[in-house]
Amino acid sequence: QVQLVESGGGLVQAGGSLRLSCTASGRTFSRYAMGWFRQAPGKEREFVAAITWSGGLTYYVDSVKGRFTISRDNAKNTVYLQMNSLKPEDTAVYYCAAGPTQGDLISGAPNYWGQGTQVTVSS
């Protein structure tokens, strides 16, 4: 069992930056691919970014490429999402997720979800 707790959300002006963190419980964190999803009001949850268990490969939805960076520190059981050049359309609840492979995350079928953290970007 893996429990995920996100932090770092908040209110920021357009063009600003935020860094989200997700800390996992359990000793098997390093065996999981990790990812971030988001859900805006009235919209379906969408994949944002994923990183392999080793941190060697990353994947992004086109709308965040060049602005967001996913990384992980297996010694700290933590995955990060650095968000730069934020836009109002990035406003959403951001969820951390874990799955056996990055494919499970990209397809929207992780094994574990966090509770979510709100990110609001004002224009």
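Each remark here, short or long, concerns the structure printed above.
Procedures and definitions
Residues numbered from 1 in each chain as written. Predicted model: local features only at pLDDT ≥ 70, side-chain atom pairs only at ≥ 80, totals over all residues. Heavy atoms only, no water. Disulfide = S-S within 2.5 Å. Helix = DSSP H or I, 4+ residues; strand = E, 2+ residues; numbered from the N terminus. Buried < 20%, exposed > 50% of the residue type's maximum accessible area, 1.4 Å probe, protein only. Pairing = 2+ DSSP bridges.

**Notes on the state of the cysteines**
Phase 1: What the rule picks out here adds up to 1 disulfide.
Phase 2: Shown here is the disulfide that connects C22 with C96, its sulfur atoms set 2.1 Å apart. An S-S torsion of about -80° defines the bridge between C22 and C96 as left-handed. With C22 in strand β3 (residues 18-24) and C96 in strand β9 (residues 92-99), the pair connects residues that are 74 residues apart, well separated along the chain. Taken individually, C22 and C96 each receive the classification buried, so the pair is uniform in this respect.

**Details of the pairing of strand β8 (residues 78-83)**
Phase 1: Counting buried positions over the 6 residues of β8 gives 5, a clear majority of the element.
Phase 2: Sheet topology note: the β3/β8 ladder contains 6 bridges and is antiparallel. Of the residues in β8, the one forming a bridge with L20 is L81.
Phase 3: Pairing geometry for strand β7 (residues 68-73) and β8, over 6 bridges, is antiparallel. Within β8, the position partnered with T69 by the bridge is Q82.
Phase 4: Here β7 hands over to β8 after 4 residues, with N77 in that stretch at a positive phi of 55°.

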